[in-house]
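# Summary of the model geometry
If you want the building blocks of each chain, they are given just below.
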Amino acid sequence: MQFGRFSFRLTGFRKLLILLVGIAAAVALWRFISGLGAVTNLSDEWPWGLWIGFDLLCGIALAGGGFSTALIVHVLHKDKYLPIVRAALLTSMLGYIIALVSLFLDIGRWFNFWRPFFYWGYHSVLFEVFWCIAIYTTVQVLEFGDIVFEKINFPSLKRILHGALPFLLILGIVLPSLHQSSLGSLYIVAVDRLYPLWWSMLIPFFFVWSAFFLGPAMVTIEGTLAARTYGREPELPIFSSLTKVTLWMLVIYLIVKIIDLVYRGVFSMAFNGSFESNMFLIEMILFIILPIIMYAMPSVRNKLGGVLTASILVVVGVVFNRVNVVFTGMAGAMGGSYFPSIWEWLMTMGMWSFLVLAYCFFVENFPIMAKEEYVHGSGHSIGTGTGFQA
Amino acid sequence: MSKGVLVDITRCIGCRSCQVACKSWNDLPADKSEFSNSWDNPEKLSANTWTKVNYYLIEEEGQKLKWRFVKRQCMHCLEPACESACFTHSFVKTKEGAVIYKPTELNKDYCVGCRYCMIACPFGVPSFQWDKAFPYVLKCRFCYDRMKEDMEPACVSACLTGALKYGDRDELLAEAWERINTIPGYVKHVYGEKEYGGTSWLYISDVPFDKIGFRTEAFGKPVTTRSIPSLTWDVLKWTPALFFGWGAVLTIMRAYTKRRAEHIEESELFEPVDNK
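## Things to note about the overall build of chain A
A tally of helices and strands in chain A yields 15 helices and three strands. Scaling as 2.2 N^0.38, a compact globule of 390 residues should have a C-alpha radius of gyration of about 21 Å, and chain A matches this with 21 Å. The C-alpha extent of chain A, read off along each of the three principal axes, is 60 × 50 × 40 Å. When burial is assessed residue by residue, chain A has 64% of its 390 residues classed as buried. Nonlocal contacts in chain A, meaning residues at least 24 apart in sequence, comprise 78% of its contacts between residues at least 6 apart. Working note: accessible area of chain A is about 14,500 Å², and carbon and sulfur atoms make up 75% of it.

## Re the overall build of chain B
Within chain B, the secondary structure is distributed over 10 helices and 12 strands. By the compact-globule yardstick of 19 Å for 276 residues, chain B is too spread out, its C-alpha radius of gyration being 25 Å. Across its three principal directions, the C-alpha atoms of chain B cover 85 × 45 × 45 Å. Counting all 276 residues of chain B, 53% fall into the buried class. Of all intrachain contacts in chain B linking residues separated by at least 6 positions in sequence, the fraction that spans at least 24 positions is 57%. Summed over all atoms, the accessible surface of chain B reaches about 13,500 Å², with 55% contributed by carbon and sulfur.

## Some points on the packing of aromatic side chains
Taken as a whole and judged by the stated rule, the model has 53 aromatic pairs over all chains. Consider the rings of Tyr122 of chain A and Trp233 of chain B, whose centres lie 6.4 Å apart with planes at 70 degrees: the pair is edge-to-face. A residue pair is termed interchain when its members come from two chains, as with Tyr122 of chain A in the loop between α5 (82–106) and α6 (125–151) and Trp233 of chain B in helix α8 (residues 228–236). Given a relative accessible area of 39%, Trp233 of chain B falls into the partly exposed group. Clustering of aromatic rings is evident, with ring pairs tying together Phe6, Phe8, Phe144, Phe361, Phe362 and Phe366 of chain A. The ring of Phe207 of chain A carries Arg322 of chain A above its face, with NZ or CZ at 3.9 Å from the centroid.

## A word on the confidence of the model for chain B
The predicted model of chain B has a mean per-residue pLDDT of 91, with 97% of residues at 70 or higher. Our summary of model confidence lists the complex with pTM equal to 0.89 and ipTM equal to 0.88.

## Here we look at unusual backbone geometry
Residue and element names in this part refer to chain B. In this chain, Asn41 is followed by Pro42 through a cis amide linkage whose omega measures -10 degrees. Phi at Arg16 takes a positive value of approximately 70 degrees, unusual for a residue other than glycine. You can see Arg16 is positioned in the loop between β1 (3–8) and α1 (17–26). One non-glycine residue, Asp150, lies in the positive phi region at around 65 degrees. Take Asp150: it is sitting in the loop between α5 (144–148) and α6 (154–158). By relative accessible area, Asp150 is classed as exposed at 70%.

## So, the sheet that holds strand β9 (residues 201–204) of chain B
All names here are of chain B. Strand order in the open sheet formed by three strands is β8-β1-β9, and the pairing between neighbours is mixed. Each having just a single partner strand, β8 (164–168) and β9 make up the two edges of the open sheet. Ignoring strand direction, the axes of neighbouring strands in this sheet form an average angle of 25 degrees. Both β1 and β9 contribute to a ladder of four bridges, which runs parallel. By the bridge assignment for β9, Val7 is matched with Tyr203. Each of β1, β8 and β9 is contacted by helix α7 (residues 169–182), which is oriented at about 130 degrees to β8, the strand it contacts most.

## Looking at the nonpolar core
The biggest cluster of nonpolar side chains holds 177 residues, and the ones touching the most others in it are Leu90, Phe144, Tyr187 and Leu194 of chain A together with Tyr116 of chain B. Sort the elements by how many residues they give to this core and helix α12 (residues 304–334) of chain A lands first, with 14 residues. For Tyr116 of chain B, the residues in contact, after removing those within four places along its chain, are Trp48, Ser124, Val125, Leu126, Ser185, Leu186, Tyr187 and Val189 of chain A together with Ala85 of chain B. Cys18, Val156, Phe209 and Ile212 of chain B belong to the second-largest nonpolar core, a separate cluster that totals 28 residues.

## Focus: the pairing of strand β2 (residues 52–58) of chain B
All names here are of chain B. Counting buried residues in β2 gives six out of seven residues, a clear majority hidden from the surface. The sheet contact formed by β2 and strand β3 (residues 66–72) spans seven bridges and is antiparallel. Looking across to β3, one finds that Leu57 is bridged to Trp67.

## Some points on helix α4 (residues 64–75) of chain A
Residue and element names in this part refer to chain A. The end-to-end C-alpha distance of α4, which contains 12 residues, comes to 16 Å, matching closely the 16 Å that a straight helix rising 1.5 Å per residue would cover. Across the 12 residues of α4, 12 count as buried, placing the element largely inside the fold. Those residues of α4 that sit buried are Gly64, Gly65, Gly66, Phe67, Ser68, Thr69, Ala70, Leu71, Ile72, Val73, His74 and Val75. Count one or two residues on from α4 and you reach His77, which has phi positive near 55 degrees.

## A few points about the side chain of Ser177 of chain A
Structurally, Ser177 of chain A is set in helix α7 (residues 155–185). Its relative accessible area of 11% is what places Ser177 of chain A among the buried residues. Engagement of the side chain of Ser177 of chain A in a polar contact is seen with the backbone oxygen of Ile173 of chain A, the distance being 2.6 Å. A polar side-chain atom of Ser177 of chain A sits 2.7 Å from a polar atom in the side chain of Trp246 of chain B.

## Re helix α8 (residues 203–229) of chain A
All names here are of chain A. For α8, which comprises 27 residues, the first-to-last C-alpha distance of 37 Å matches the rise-based estimate of 39 Å (1.5 Å per residue) to within 8%. Along α8, the helix axis deviates most sharply at Gly215, where the bend reaches about 35 degrees; the proline Pro216 sits within four residues downstream. Of all the 27 residues making up α8, 22 are buried; the element is thus mostly covered by neighbouring parts of the structure. Note on α8: the residue one or two positions beyond its end, Gly231, has a positive phi of about 60 degrees.

Thresholds, definitions, all that
- Residues numbered from 1 in each chain as written.
- Chains lettered and ligands numbered in written order.
- Predicted model: local features only at pLDDT ≥ 70, side-chain atom pairs only at ≥ 80, totals over all residues.
- Heavy atoms only, no water.
- Helix = DSSP H or I, 4+ residues; strand = E, 2+ residues; numbered from the N terminus.
- Rg over C-alpha atoms; globule rule 2.2 N^0.38 Å.
- Buried < 20%, exposed > 50% of the residue type's maximum accessible area, 1.4 Å probe, protein only.
- Contact = heavy atoms within 4.5 Å.
- Areas by Shrake-Rupley, 256 points an atom, 1.4 Å probe, with all protein chains shown as cover.
- Phe/Tyr/Trp six-rings, centres within 6.5 Å; stacked < 30°, edge-to-face > 60°.
- Lys NZ or Arg CZ within 6 Å of the ring centre and 35° of its normal.
- pLDDT = per-residue confidence, 0-100.
- Pairing = 2+ DSSP bridges.
- Axes fitted to C-alpha atoms, helices over the stretch in contact; angles between N-to-C directions.
- Core = buried A, V, L, I, M, F, W, Y, C linked by side-chain atoms within 4.5 Å.
- Expected span 1.5 Å × (residues − 1).
- Polar contact = N/O pair within 3.5 Å; in protein donor to acceptor, adjacent residues only side chain to side chain.
- Bend = angle between axes of the 7 residues up to and from the residue.

Dropping the structure here:
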């Protein structure tokens, strides 16, 4: 398909994705006409479901790749990671847009969505989340605008954006740090209801920390996927080198988690055999301890299969953690039961299909991916050597 | 003075007059009855049912079977979790003691319908109009309109046995302890005195509270007596410091590491992927 300067190749798979987006749009329309009860299985016992628990909480966490690579590349100036920074920013931006759309669909009185900008409920964690996400999404669009205008000629706007970039970069790390943690703080109100293995005054730390260490893992997965899709060589040296960041952050996460559980006197609850405790043990052993071991072994982390498997474990682990907080940990106290309706599933599938389509479109039409000779060629190599030998 | 209601479980006969009075004063539609294996009707609070009576049949060894009836409604916390959770401040604790919803009560329609108040409420009270295209979050309003006219709430006015008593919370609390200390049989506890920072509705009972659907323990520990807003604030108050502190740290780090960074022209590095 051609529109002007832009092209988008249609494959069978992409047509399927477009169909899913179309179905989701129809479901969204129906939801606005008939209310949430007709479309979702939500109830007074389960006011938050798939769209908030998965699309929003996991979507934002998965978009953590944007701010962690921004921190590594633009603040610490680890330039060997520069080739992946734009792809990470793109995924992150699309993730946030999806989270915002999900939120818009999920709120009952959507026509009031702008009210929190004017009626200050500053005593609410959600207030901080809302402001940070709204501004950060704008920041990402502006950062991304700087890239878009490399292709679209608009010198004056490009100059303004470029000048504002250092400020945007710092803001683009501070804001997500704040709201990633606040998404955890949201659950402080659930004291006495969220299972104590997850409820903690430290939950903001756990949320922001995991969103950060998820970043490199997410970059590894999407880098591999993109490489496979476009017949490129995966940026393995970068992926292997990034595992050092994830490894140490995982270790610290585990230590703080244990200290926190012991300090609150609930450590033994992890072994009481309840459904919650088993889910918690799976989360810790399969998705924290196992990746630590895998990342610690050079024979694993320096092979694409190894680093990819460990990264998938990390990413699934963060999703697993969020799902445990929203569903597993609350189930005992909320009563009733909830399983998403077919319409909720279709909506979610449509959202993520849109993400894939948008990613492909931008990558194929804008300078997002590094030129291959920079990543793998010898002449212009940007310091990938150390990582490769590590 | 902040108002409250003292509910004396020993005096309630389960007639549901309060339920009917609430429906008629607040003009609430009926919820369709369904067969179930409990005596409760309707089964739970909803956007149309702001108060209801729960029935409990208590069997204790060596004692006669006991019926006990517990009226449920919003507890009207002294420091409401719903108020602090709302990012448009759509719930407010009035000086009279009622926790009210501004969109329907004060015609200030800021509510976004995010339902965080429903996550936040420790008693699971606020209910959502799931069947409406433009839904509200509804719950007991302590008959705020009557309260302002110095009238007791509709449910209290309908109570035949004196199980419900309306008055100043402080006085009711004193009276509750007086009843507990002078009349034998009461459990030595006023539910709502300290739970989650205290509530305007207070309960006294002659059977243990955990037997009649009150949460006295959570995960093996007594429920917290700190108000939920104060817990949240303990974390939230660090936000401005974190914003500027973390921002400053990042700016300094960036300036510091920039010196040894090689300059790379980004526009040279990237290109669109060829997907032909």
